[in-house]
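Here are the chains, one letter per residue:
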Amino acid sequence: RYTEYSRQTRVIFQDFDPHFEAGSLDEAYLDVTDYCQRTGMTGEQVAEEIRRRVREETKLTCSCGVAPNRMLAKICSDLHKPDGQYVLGSSREAVMTFMSTLPVRKIPGIGKVSEQVLSGALGVHSCQDILAQRGLIAALCT
């Protein structure tokens, strides 16, 4: 049954990005730039339309993140689960402001152990802290 719902949502995603990438059965990455240019819709409007179609056609909820790149979109999608969306502006200032207070645990790939190491050994709790400690972190990782 899970696989069937996944197939149904992928059919929907394909309407917006024929080359979308499936991250897992319940996760996908779409580049809707061409769709937006073709239709005149914004990324936010496309996310709303995707969520509406998923809800109507499958009766499932769907969270969407709209951002300048895949990693940021993933973080944004996770912020308003379940059945929400978050739109991050594409300007450097918008991204830097968003990232500055973001806890390091929200970064894909940083789990509990990495979070504890960063926090305990380096005093790093937010992405702003990573930026401030980048020299030391780089030295430790090389």
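Residues numbered from 1 in each chain as written. Predicted model: local features only at pLDDT ≥ 70, side-chain atom pairs only at ≥ 80, totals over all residues. Heavy atoms only, no water.

(A) Structural view of the packing of aromatic side chains. In this structure the tally under the stated criterion is three aromatic pairs. Between Y86 and F98, the ring centres sit 5.5 Å apart and the planes meet at 40°, which makes this aromatic pair tilted. Remark: F98 occurs in helix α5 (residues 92-100) and Y86 occurs in strand β4 (residues 85-87); sequence separation between them is 12 residues. Accessibility expressed as a relative area gives 11% for F98, which makes it buried. Here the guanidinium or amino end of R70 rests over the ring plane of Y29, the centre of that ring lying 3.8 Å away. (Phe/Tyr/Trp six-rings, centres within 6.5 Å; stacked < 30°, edge-to-face > 60°. Helix = DSSP H or I, 4+ residues; strand = E, 2+ residues; numbered from the N terminus. Buried < 20%, exposed > 50% of the residue type's maximum accessible area, 1.4 Å probe, protein only. Lys NZ or Arg CZ within 6 Å of the ring centre and 35° of its normal.)

(B) Inspection of the packing of helix α1 (residues 2-16) against helix α3 (residues 43-58) at higher detail. At a minimum axis distance of 10 Å, the contact between α1 and α3 shows a crossing angle of 145°. Between α1 and α3 lies a crossing of right-handed hand. Contacts from Y5, Q8, T9, I12, F13, D15 and F16 in α1 reach V46, E49, I50, R53, V54, E57 and T58 in α3. Looking at the contact of α1 with α3, its residues break down into seven nonpolar, three polar and four charged. (Axes fitted to C-alpha atoms, helices over the stretch in contact; angles between N-to-C directions. Left-handed = near helix turned anticlockwise from the far one by under 90°. Contact = heavy atoms within 4.5 Å. Nonpolar A, V, L, I, M, F, W, Y, C, P; charged D, E, K, R; others polar.)

(C) Summary view of the side chain of R53. Mapped onto the elements of the fold, R53 is located in helix α3. On the basis of relative accessible area, R53 is assigned to the buried category, the value being 15%. Once residues lying within four places of it in the same chain are set aside, the contact partners of R53 are I12, D15, F16 and T58.

(D) Geometry of the pattern of salt bridges. According to the stated counting rule, one finds 12 salt bridges in the structure shown. The salt bridge partner of R7 is E4, with a shortest N-O separation of 2.7 Å. Taken as a pair, R7 and E4 lie in helix α1 at a separation of three residues, close to a single helical turn. Among the residues examined, R7 registers a relative accessible area of 45% and is labelled partly exposed. The exposure class assigned to E4 is partly exposed, which follows from its relative accessible area of 35%. (Salt bridge = Lys/Arg side-chain N within 4 Å of Asp/Glu carboxyl O.)

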